Amino acid sequence: MKVLEVKDLTVQSGDGSKVVSSVSFSVEPGERLGLIGESGSGKSMTALAVMGLLPAELKASGGLLLGTGKDAPRQIIGAAEKDLNEIRGRVASIVFQEPLTALDPLMKIGRQLSEPLRRWKGLKGEGLQKAIISALAEVSINKPERIAASYPYEISGGERQRAAIAMALACEPSLLIADEPTTALDVTVQAEILALLDTVVSKRGMSLLFISHDLAVVSRITDHVLVMKDGSVVESGSLTDILRSPQHPYTRDLVASAKELDNALAIAKNSGGI
Ligand SMILES: Nc1ncnc2c1ncn2[C@@H]1O[C@H](COP(=O)(O)OP(=O)(O)O)[C@@H](O)[C@H]1O
Ligand SMILES: [Mg+2]
């Protein structure tokens, strides 16, 4: 059983150049897959293709089956917008690097959260208010009432990302896609958001597709990884195997530089530098 099955996914721009070439992978229920690669390697375009959210000038081909259990797998490529709207949020949700991508700057957080809750759970009145507060409390926002009553610009970057995660979780998706969700945040907030994702994904038994250019971050939250370079997958396997014996030269470089950074940090720490 799979939640997501990607087969020979290719994404091409109008001039025929490929930004994603024949990418295949799958995600099982409860699995956490990391997608790693340098900037421009096609990670985000892969994620957007899965959600049926590619920019109009890019065309996807191949197979993209999304769904499981009561939401039988459906082909995303070529699906009508009406069908995609039923799938987005409920079967799979996405969290972006910049939380303002998902949040409306002119609407209070509570009101934004009320839309998916009303639409998918049929909640209204007091039940809806309670659901909004508990959705914000689940992502460990102190004083969820304050956040619900705030506009996105009135809260911190970390709180905005937590609110965007609450939005993504509102319809209880089977798969959460997180595309560099911590890259724009400072290091302490980054660690908190990773811990939060770890907790909610486990608690809800969701699948996770976690995208990052940073192997150290990916290794903290996933158990399998897929390494992308220039639009293609160059290596995949369990995190342990990849860290222990990377096969592709690019993966070896990634692992070596992550270890170097680790050592440098350890040395700095021991010498009292940090
Ligand atoms: N709208 C677009 N039209 C054409 N090419 C694009 C468009 N958006 C992104 N690209 C190209 O697609 C490639 C992959 O981009 P992306 O998936 O965003 O990389 P990553 O997320 O791994 O940093 C890049 O070379 C980028 O320049
Ligand atoms: Mg990206």
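For the structure itself, consult the block above.
Residues numbered from 1 in each chain as written. Chains lettered and ligands numbered in written order. Predicted model: local features only at pLDDT ≥ 70, side-chain atom pairs only at ≥ 80, totals over all residues. Heavy atoms only, no water.

J.: Looking at this structure, I do not really get the pairing of strand β2 (residues 18-27). What am I missing?
T.: In summary, the side chains of a regular strand alternate between the two faces of the sheet. Sheet topology note: the strand β1 (residues 4-13)/β2 ladder contains six bridges and is antiparallel. Residue pairing for β2: Val 6 is matched across the bridge by Phe 25. In sequence, β1 turns back onto β2 through a hairpin of four residues, with Gly 16 there showing a positive phi of about 90°. (Pairing = 2+ DSSP bridges. Helix = DSSP H or I, 4+ residues; strand = E, 2+ residues; numbered from the N terminus.)

J.: Would you mind showing me how to read the pattern of salt bridges here?
T.: Think of it this way: side chains of opposite charge can pair up when their charged atoms draw near. Summed over all chains, the structure comprises 14 salt bridges. The salt bridge involving Asp 71 is made with Lys 70; its shortest N-O contact spans 3.6 Å. The closest approach of N and O atoms between Glu 138 and Lys 203, which form a salt bridge, is 3.3 Å. Remark: Lys 203 occurs in helix α7 (residues 187-204) and Glu 138 occurs in helix α4 (residues 125-138); sequence separation between them is 65 residues. The network of salt bridges with common partners includes Arg 74, Lys 82, Asp 83 and Glu 86. (Salt bridge = Lys/Arg side-chain N within 4 Å of Asp/Glu carboxyl O.)

J.: Looking at this structure, how should I read unusual backbone geometry?
T.: Excluding glycine, residues mostly have negative phi values, and the peptide bonds linking residues are mostly trans. Within the chain, Asp 8 stands out as a residue other than glycine whose phi angle is a positive 50°. Along the polypeptide, Asp 8 turns up in strand β1. We classify Asp 8 as partly exposed; its relative accessible area is 47%. Even without being a glycine, Ser 140 presents a positive backbone phi close to 50°. Mapped onto the fold, Ser 140 is located in the loop between α4 and α5 (144-148). Residue classification places Ser 140 among the partly exposed residues on the basis of a relative accessible area of 43%. (Buried < 20%, exposed > 50% of the residue type's maximum accessible area, 1.4 Å probe, protein only.)

The values reported here are purely geometric and, on their own, carry no functional implication.
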